[in-house]
Amino acid sequence: MHLAELNIGKLRYAQGDPRAAEFFDNLDRVNGIAERMEGFVWRLKDEGSDNATAFRINDDPMVISNLSVWENVEALEKYVYQTVHTGFYRKREGWFEKPAAPHFVMWWVEEGHRPDLREAAERLANLTQHGSSEFAFDWAGAPSARLWREARCA
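Draft legend 1. Molecular detail of the nonpolar core. Judged by nonpolar contacts, the single largest core of 30 residues is most densely connected at Phe23, Trp70, Leu76, Tyr79, Met106 and Trp139. If we skip the residues at most four places from it in the chain, Trp139 touches Val73, Leu76, Glu77, Val80, Tyr81, Phe104, Met106, Ala145, Trp148 and Arg149. Of all hydrophobic cores here, the second largest spans 17 residues; its members include Ala4, Leu67, Trp107 and Ala136.

Draft legend 2. View of helix H2 (residues 73-82). When you tally the buried positions in H2, you get 7 out of 10 residues, the bulk of the element. Among all positions in H2, only Val73, Ala75, Leu76, Glu77, Tyr79, Val80 and Tyr81 are buried. Two or three places before Glu74, at the start of H2, stands the capping residue Asn72, its side-chain oxygen 3.2 Å from that residue's backbone nitrogen.

Draft legend 3. Geometry of the environment of Lys98. Assignment of secondary structure puts Lys98 in the loop between helix H4 (92-95) and strand E4 (104-109). We classify Lys98 as exposed; its relative accessible area is 66%. Residues Lys98 and Gly9, 89 residues apart in the sequence, show an inter-C-alpha distance of 8.4 Å.

Draft legend 4. Geometry of the confidence of the model for the protein. With 98% of its residues at a pLDDT of at least 70, the protein reaches an overall mean of 93. Ranking the elements of the protein by mean pLDDT puts helix H6 (residues 146-153) last with 74 and E4 first with 98.

Draft legend 5. Quick peek at the packing of aromatic side chains. The full count for this structure, using the stated rule, is 10 aromatic pairs. A ring pair is formed by Tyr81 and Tyr89, whose centres lie 6.2 Å apart and whose planes are at 80°; its orientation type is edge-to-face. Tyr81 sits in the buried class, given a relative accessible area of 16%. With a centroid separation of 6.1 Å and an interplanar angle of 35°, the aromatic rings of Trp108 and Phe137 are classed as tilted. Residue Trp108 is located in strand E4, and its partner Phe137 is located in the loop between helix H5 (117-130) and H6; the two are separated by 29 residues in the primary sequence. Residue class for Trp108 comes out partly exposed when judged on its relative accessible area of 36%.

Quick notes on the rules
- Residues numbered from 1 in each chain as written.
- Predicted model: local features only at pLDDT ≥ 70, side-chain atom pairs only at ≥ 80, totals over all residues.
- Heavy atoms only, no water.
- Core = buried A, V, L, I, M, F, W, Y, C linked by side-chain atoms within 4.5 Å.
- Buried < 20%, exposed > 50% of the residue type's maximum accessible area, 1.4 Å probe, protein only.
- Contact = heavy atoms within 4.5 Å.
- Helix = DSSP H or I, 4+ residues; strand = E, 2+ residues; numbered from the N terminus.
- Polar contact = N/O pair within 3.5 Å; in protein donor to acceptor, adjacent residues only side chain to side chain.
- pLDDT = per-residue confidence, 0-100.
- Phe/Tyr/Trp six-rings, centres within 6.5 Å; stacked < 30°, edge-to-face > 60°.

The structure is reproduced here in structure tokens:
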């Protein structure tokens, strides 16, 4: 089994707004780091822009998503908490509205499966309605998520 993850965020500023420039100017670089990580399998991306900002998970054009597949929780966690991604993650409140509901979900998929946004939205809705389960879970629902626990305590 491999690990799928969805992370969504509602932008405070549209692409092209100077207040969001640092985020958009580094998006391809940070995604490229993910693709070079040990344990990375796949990510949803638009071939024209090399990111997923053109895809819509709902009707709000300010909501963008990141959908990817990893070999395991530890590989995803290493990317999130031990690369340049960490610095951008810490700045997220400058670019994204504070979410009122869960915005991140993980679930297990068969090797070779590439989830779409409809499947990912279903997993996120399940997590929001029912909390962590085998069907959909967050970092707290992933017992092997050591780096997440350390970051939460720091």
